[in-house]
Amino acid sequence: AETVEVVLRTLRMNSFGLWDSVVSQGEELLAAPMTVVCETDRGPATWTAGPKSLQRVTPALARFASSAESPAVRLDARSEIEVDGCMRTVFRLSPGRTPATVAGLRVRIPLKDRAVTLWHVLQSGNIRFNATGAVPAGSGRVWDSSRSGNGAMLGTFLPYIWLGGPERG
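Since the model is a prediction, treat every value here as computed from it, not as a measurement.

**Quick word on the pattern of salt bridges**
Counted by the stated rule, this structure contains seven salt bridges. For Lys-52, the salt bridge is made with Glu-2, and the minimal N-O distance between the two is 3.6 Å. Here Glu-2 lies in the segment before strand E1 (3-6) and Lys-52 lies in strand E7 (residues 48-58), a separation of 50 residues in the sequence. Since its relative accessible area comes to 35%, Lys-52 is described here as partly exposed. Given a relative accessible area of 23%, Glu-2 falls into the partly exposed group. Across the pair Glu-27 and Arg-114 runs a salt bridge whose closest N-O atoms are separated by 3.6 Å. Taken together, the residues span a long stretch of sequence, with Glu-27 in strand E4 (residues 27-28) and Arg-114 in the loop between strand E11 (102-108) and strand E12 (118-122) at a distance of 87 residues. Overall, Glu-27 belongs to the buried group, its relative accessible area being 19%.

So this is what it looks like as structure tokens:
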């Protein structure tokens, strides 16, 4: 399996270069695997998993390469996972066998509610007054980045959002 052991966590990788599973202190943190949702002018992309490869570069760094393909779009992913669990993933999109226009692309990260009780959002230009504390209560969409007040330059883009808990991260 494409599994990476990092400090206090075990990560199982998938064809999007993302995580199928994150186990910390014996508990699964994800409610379902992370996915890439792609909307095209013909509707949502249906993905087929491609080849995957995992390489240990150093004791502190692993590289993971993978791909997923739909008739409209191909996604190649390259992930670097550091020993502390920090992961950087770069996606490369290219036309599929029957290309279509990409209307939207997002990463879905379904976390278990009980595993993510705290949050911290970093906004640009204001290092002292960022939202932090308990995750907003409610069901459905309880918050989105349009509430960030991140200025004309960055708009709704937030460079950093942390969701987690006091023990498992």
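Still more ground to cover, so stick around.
**What to know about a nonpolar patch on the surface**
Taken together, the side chains of Val-7, Leu-8 and Val-83 make up a nonpolar region of the molecular surface, amounting to roughly 260 Å² of accessible area. Residue placement: Val-83 occurs in the loop between strand E9 (73-82) and strand E10 (87-95).

So, how was this worked out
- Residues numbered from 1 in each chain as written.
- Predicted model: local features only at pLDDT ≥ 70, side-chain atom pairs only at ≥ 80, totals over all residues.
- Heavy atoms only, no water.
- Salt bridge = Lys/Arg side-chain N within 4 Å of Asp/Glu carboxyl O.
- Helix = DSSP H or I, 4+ residues; strand = E, 2+ residues; numbered from the N terminus.
- Buried < 20%, exposed > 50% of the residue type's maximum accessible area, 1.4 Å probe, protein only.
- Patch = residues over 30% accessible without salt bridge, like charges linked within 9 Å, V, L, I, M, F, W, Y side chains within 5 Å.
- Areas by Shrake-Rupley, 256 points an atom, 1.4 Å probe, with all protein chains shown as cover.

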